[in-house]
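Inside the fold
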Amino acid sequence: MNARRWWDLIVAGSLTVLTVITIDHSWVSVGERAGGLLSLAAIGLAYLGLGRRMLRSSNPSASAGDSGFDYAAFPASARLFQITLIVSCGAATAFDPSLATAQTLAFPILWALSTSFSGAVVLSALLSVSVGLGMWVGMGSTPGAAVQAAAIEGISFVFALAMGTWISRIADAGAYQRRLVEELTLAQDELAAAQRDAGSAAERERLAREIHDTIAQSLTSLVMLTQRTRSELAAVPGDTSAVADSLDLIESTGRDALTEARALVASMSPVRAADGDLAHTVTRLAERFERETGIQVTVELTGLDAAGADPGTELPPLDRALEVVLLRCGQEGLANVRKHSGAGAARIAIARTPQEVALTVTDNGRGLGAYRPESEHGFGLTGMRDRVGLVGGRLEVTDSANGSGTVLRVTLPLLVTAPSTGGRG
């Protein structure tokens with residue numbers, strides 16, 4: 001049962017009982033009975049018109065002390081409802097002292113409508129004073145009635161204070177446990193994602209080793225056997241030009257396949273940020289790419305030095321997750337240069353400011369042409385776009401401004417979150 005239905009049941013049940021009690025009191029005059037009933041009606045109408053509209057239909061993520069009333073969204077309604085409760089309970093008690101029982105309904109509502117512990121105490125005190133005055137008037141306004149009313153309301157106030165404090169602490173403890181559960185769930189999700197990434201990286205590394213140790217080695221042997229066959233063929237008398245042409249084709253095809261295999265191994269091999277700082281890791285990535293492909297790579301780093309942050313700006317080290325995203329995107333960007341650009345030179349740059357860090361991979365190749373990155377359905381750009389999106393970044397792939405080559409740009413925000421506080425008070 002949600003909060004709204006609970007409060008509907010509590011208010012309707014309490015007012016029904018109080019109405020029956022008022023009607024049953026034959027010793028109370030008709031006018032006093034009517035006044036008491038009107039006061040109870042005012043409480044009911046205030047709940048229907050003011051209080052019930054503040055109740056959420058469900059309350060799955062309640063904060064500390066939250067019992068379903070959204071008083072922050074309806075501050076005027078909350079204040080008017082509080083005033084109506086305090087005044088109506090006092091008026092009902094003045095007409096019929098037995099209606100002081102109405103405060104057993106009013107106290108919990110006032111605590112639920114309060115934004116702080118001190119506010120709840122003040123509202124409870126005002127209710128006790130209002131009901132006490134009503135009781136004093138209803139019992140004849142005598143000194144004895146004043147003493148009796150003060151004693152009854154003093155006990156009622158202390159009891160309400162004790163119950164309210166106890167319930168508030170239970171609510172605070174429940175909210176704290178909910179936060180712990182949420183944090184634990186988030187940590188479990190992050191751990192699961194990290195384990196998936198680690199498993200994926202391990203599988204990629206295993207496949208890279210397998211390709212290197214099997215297919216690449218076999219292709220190397222094929223090229224060497226072709227070269228040996230050509231040497232042996234030179235000693236054979238007669239016209240062997242047709243066979244030589246076939247051997248040239250076999251060797252050329254083998255070399256092309258070997259190049260592709262090595263490129264695949266390089267793209268699947270892990271680049272670990274933990275092996276050094278980001279600047280060193282990117283530099284090693286570019287050097288290895290240049291050595292394997294012959295494409296000249298220029299590295300430009302702004303806002304980073306060998307220690308990972310520019311001392312002049314006193315920027316803190318990048319979050320490890322962001323470093324991994326930058327490295328993977330840089331690796332994939334260079335892989336695209338290798339496979340598609342036909343370029344002779346490339347540039348990989350990382351620029352960091354206090355607000356964001358940007359990775360740019362450019363080349364002097366053929367450009368995008370008729371290709372549109374948004375139509376990509378493979379694993380390259382799609383995987384990169386998903387990885388960047390998970391950290392709130394953006395990915396852009398465009399033709400170079402000078403008309404020669406392609407520009408891949410990844411921008412990641414550097415967000416600083418302030419600690420949050422919760423609970424009453």
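In what follows, the structure referred to is the one given above.
Residues numbered from 1 in each chain as written. Predicted model: local features only at pLDDT ≥ 70, side-chain atom pairs only at ≥ 80, totals over all residues. Heavy atoms only, no water.

Notes on the overall build of the protein
In plain terms, the rule: Every helix listed is a DSSP run of H or I at least four residues long, and every strand listed is a run of E at least two residues long, numbered separately from the N terminus. Here the term buried applies to any residue with accessible area under 20% of the maximum for its type, exposed to any over 50%, and partly exposed to those in between, with areas from a 1.4 Å probe on protein chains only. Note on definitions: a residue-residue contact is assigned when non-hydrogen atoms from the two residues lie within 4.5 Å.
A tally of helices and strands in the protein yields ten helices and five strands. Of all 425 residues assigned to the protein, the portion counted as buried reaches 37%. For the protein, long-range pairs separated by at least 24 residues make up 68% of all intrachain contacts whose partners lie at least 6 apart in sequence.

Points about the pairing of strand β4 (residues 394-399)
Quick reminder of the rule: When DSSP finds at least two bridges between two strands, those strands are taken to pair.
In the sheet, β4 pairs with strand β5 (residues 406-413) via six bridges, with the strands oriented antiparallel. Looking across to β5, one finds that Asp399 is bridged to Thr406. Hairpin connection from β4 to β5: six residues lie between these consecutive antiparallel strands, with Gly403 at a positive phi of about 85°.

A short note on the environment of Ala345
Examined against the element boundaries, Ala345 turns out to sit in strand β2 (residues 345-352). The sequence separation of Ala345 and Gly365 amounts to 20 residues, and the corresponding C-alpha distance is 8.0 Å.

A short note on the sheet that holds β4
Which entries qualify depends on this criterion: With axes taken as lines fitted to C-alpha atoms, and helix axes fitted only over the stretch in contact, angles between N-to-C directions fall between 0 and 180 degrees.
Strand order in the open sheet formed by five strands is β1-β2-β3-β5-β4, and the pairing between neighbours is mixed. Pairing within the sheet leaves two strands with one partner each, and these edge strands are β1 (296-302) and β4. Between one strand axis and the next, the sheet turns through 10° on average, direction left out of account. In this structure, strand β3 (residues 356-363) lies alongside β5, joined through seven bridges in antiparallel fashion. Residue pairing for β5: Glu356 is matched across the bridge by Pro413. Lying on the sheet, helix α8 (residues 278-293) is in contact with β1 and β2; it crosses β1 at an angle near 170°.

Re the nonpolar core
Stated formally: Residues belong to one nonpolar core when they are buried, are Ala, Val, Leu, Ile, Met, Phe, Trp, Tyr or Cys, and are joined through side-chain atoms within 4.5 Å.
In terms of nonpolar packing, the biggest core is built from 35 residues, with Trp7, Phe69, Phe81, Ile109 and Leu127 touching the most fellow members. For this core, the secondary structure elements donating two or more residues are α1 (3-24), α2 (30-54), α3 (75-95), α4 (103-113), α5 (117-138) and α6 (143-234). Top element by residues in this core is α4. It accounts for seven residues. Filtering out sequence-adjacent residues up to four positions away, Phe81 remains in contact with Ile43, Ala46, Tyr47, Leu50, Gly51, Met54, Ile109 and Leu113. If you look at the next biggest cluster of nonpolar residues, it comprises 33 residues, including Leu278, Val361, Val410 and Leu412.

Thoughts on a nonpolar patch on the surface
Under the convention used in this document: Patch definition: residues above 30% relative accessible area lacking any salt bridge, with like charges linked at up to 9 Å and the nonpolar side chains Val, Leu, Ile, Met, Phe, Trp and Tyr linked at up to 5 Å. What sets the accessible areas is the Shrake-Rupley method with a 1.4 Å probe; for residues, cover comes only from the shown protein chains. Salt bridges are defined as contacts in which a side-chain nitrogen from Lys or Arg sits within 4 Å of a carboxyl oxygen from Asp or Glu.
Taken together, the side chains of Phe159, Met163, Trp166, Ile167 and Ile170 define a hydrophobic patch exposed on the protein surface, amounting to about 530 Å² of accessible area. Its relative accessible area of 32% is what places Met163 among the partly exposed residues.

A look at the pattern of salt bridges
Applying the stated criterion across every chain yields a total of five salt bridges. Across the salt bridge formed by Asp248 and Arg230, the nearest N and O atoms sit 2.6 Å from each other. Here Asp248 is found in helix α7 (residues 241-268), whereas its partner Arg230 is found in helix α6, with 18 residues between them in sequence. One salt bridge connects Glu251 with Arg230, and the closest N-O pair in it is separated by 2.7 Å. Placement of the pair is Glu251 in helix α7 and Arg230 in helix α6, with a sequence separation of 21 residues. The network of salt bridges with common partners includes Arg230, Asp248 and Glu251.

Taken by themselves, the reported measurements are silent on function.
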